[in-house]
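Here are the chains, one letter per residue:
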Amino acid sequence: MPIASAFLVPGTPLPLLRRDNPPWEAIARGYEAAGQALAASKPDVALIYSTQWIAVLDQLWQTRGRIQGSHVDENWHEYGELPFDIRVDIDLAKACIASTAQIGVRSREVDYDAFPIDTGSIVATHFLLRGLDIPVVLTSNNLYHDGQTTESLGRLAAQAADAQGKRIAVIGVGGLSGSSFRQDIDIATDHIVNDDEDRANREMLALLERGDVVEVREKAPDYAQSARADMGFKHLYWVLGALGGQYKKARTHAYGPAFGSGAAVVEFQH
């Protein structure tokens, strides 16, 4: 596979919108470290799967050459706007679309002005691609796809890039444990909602760091269920698929809370 670099990153906008808050500033610094690693890997294109771009019928792929605008997060609107300016690799996106019939998945192009780009894609491109002239392939999280299907999509996307002679940065955008505070808190004291989910997050991160893919696959379903992981942890399967199901080890650049839920920046070494 033509892998330049690979990352698992959070889609929460809090480290971007309120970096002045210490618990979230740590995530921002981890994000920036991952951005430096991505830049050093010199990819031709970034393949991005975000749990926050929801699809229910087909697998959707952006095919508009340049996407610009400003987005207000539906949960954190009081913290301000998220401007974005994203360049899309149309040729590779269309090749990905053509490839998914191999696994019985129908894909569809998204190409129109003012399409509502999701928060996770915006946050990831801001931190990881800012200042870099690197196009992206953006694809959706189909709610009816399981981890295995999502992994197959990642594999097909990497193969399509390889066929075009392009080195890729693989990015899975999503959170860890899914519980959040349901009441106002002092954000300066933000923490994982409960000790069990914090422990589960740390155990999964340690497992990812060791690079034992067999054990990762064995433990991931139980972790996703017990920690209420974001969208069943499908963003991990996207990364694993693009990596060809194997990697050597991983590095956690940051781990912390996002209003009670878990967020981590992880870099995979293939």
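Residues numbered from 1 in each chain as written. Predicted model: local features only at pLDDT ≥ 70, side-chain atom pairs only at ≥ 80, totals over all residues. Heavy atoms only, no water.

Draft legend 1. Local environment of the overall build of the protein. Tallying secondary structure elements over the protein gives 8 helices and 10 strands in all. Principal axes of the C-alpha set define a box for the protein whose edges measure 50 × 40 × 35 Å. Counting every position in the protein, which comprises 270 residues, the buried fraction comes to 58%. In the protein, the proportion of contacts linking residues at least 24 apart, taken out of those at least 6 apart, comes to 81%. Put simply, the protein shows about 11600 Å² of open surface, and 46% of that area lies on carbon and sulfur atoms. A gap of 5 Å separates the mean positions of the 25 positive and 35 negative side-chain charges of the protein. (Helix = DSSP H or I, 4+ residues; strand = E, 2+ residues; numbered from the N terminus. Buried < 20%, exposed > 50% of the residue type's maximum accessible area, 1.4 Å probe, protein only. Contact = heavy atoms within 4.5 Å. Areas by Shrake-Rupley, 256 points an atom, 1.4 Å probe, with all protein chains shown as cover. Lys, Arg positive; Asp, Glu negative; His and termini not counted. Charge placed at Lys NZ, Arg CZ, Asp CG, Glu CD.)

Draft legend 2. Quick look at the packing of aromatic side chains. The full count for this structure, using the stated rule, is 10 aromatic pairs. Seen in terms of ring centroids, Y49 and W238 are 5.6 Å apart; in terms of plane orientation they differ by 20°. Their pairing is stacked. Placement of the pair is Y49 in strand β2 (residues 45–55) and W238 in helix α8 (residues 234–242), with a sequence separation of 189 residues. Judged by relative accessible area, which is 1%, Y49 ranks as buried. (Phe/Tyr/Trp six-rings, centres within 6.5 Å; stacked < 30°, edge-to-face > 60°.)

Draft legend 3. The arrangement of the side chain of S121 in detail. Position of S121 relative to the elements: it lies in helix α4 (residues 119–129). A distance of 2.8 Å separates the side chain of S121 from the side chain of D118, its partner in a polar contact. Excluding residues that lie within four positions of it along the chain, S121 makes contacts with S50 and L138. (Polar contact = N/O pair within 3.5 Å; in protein donor to acceptor, adjacent residues only side chain to side chain.)

Draft legend 4. Representation of the environment of P23 in the model. Assignment of secondary structure puts P23 in helix α2 (residues 22–41). For the pair P23 and A188, spaced 165 residues apart in the sequence, the C-alpha separation amounts to 6.6 Å. The contact partners of P23, leaving out residues within four places of it in the chain, are I187, A188, D190 and P257.

Draft legend 5. Region of the structure containing the packing of helix α5 (residues 147–163) against α8. At a closest axis distance of 6 Å, the pairing of α5 and α8 adopts a crossing angle of 40°. When you trace α5 past α8, the crossing you get is right-handed. Contacts between α5 and α8 involve G147, T150, E151, L153, G154, R155, A157 and A158 from the first element and K234, Y237, W238, L240, G241 and A242 from the second. Residues that form the contact of α5 with α8 fall into these classes: 7 nonpolar, 4 polar and 3 charged. (Axes fitted to C-alpha atoms, helices over the stretch in contact; angles between N-to-C directions. Left-handed = near helix turned anticlockwise from the far one by under 90°. Nonpolar A, V, L, I, M, F, W, Y, C, P; charged D, E, K, R; others polar.)

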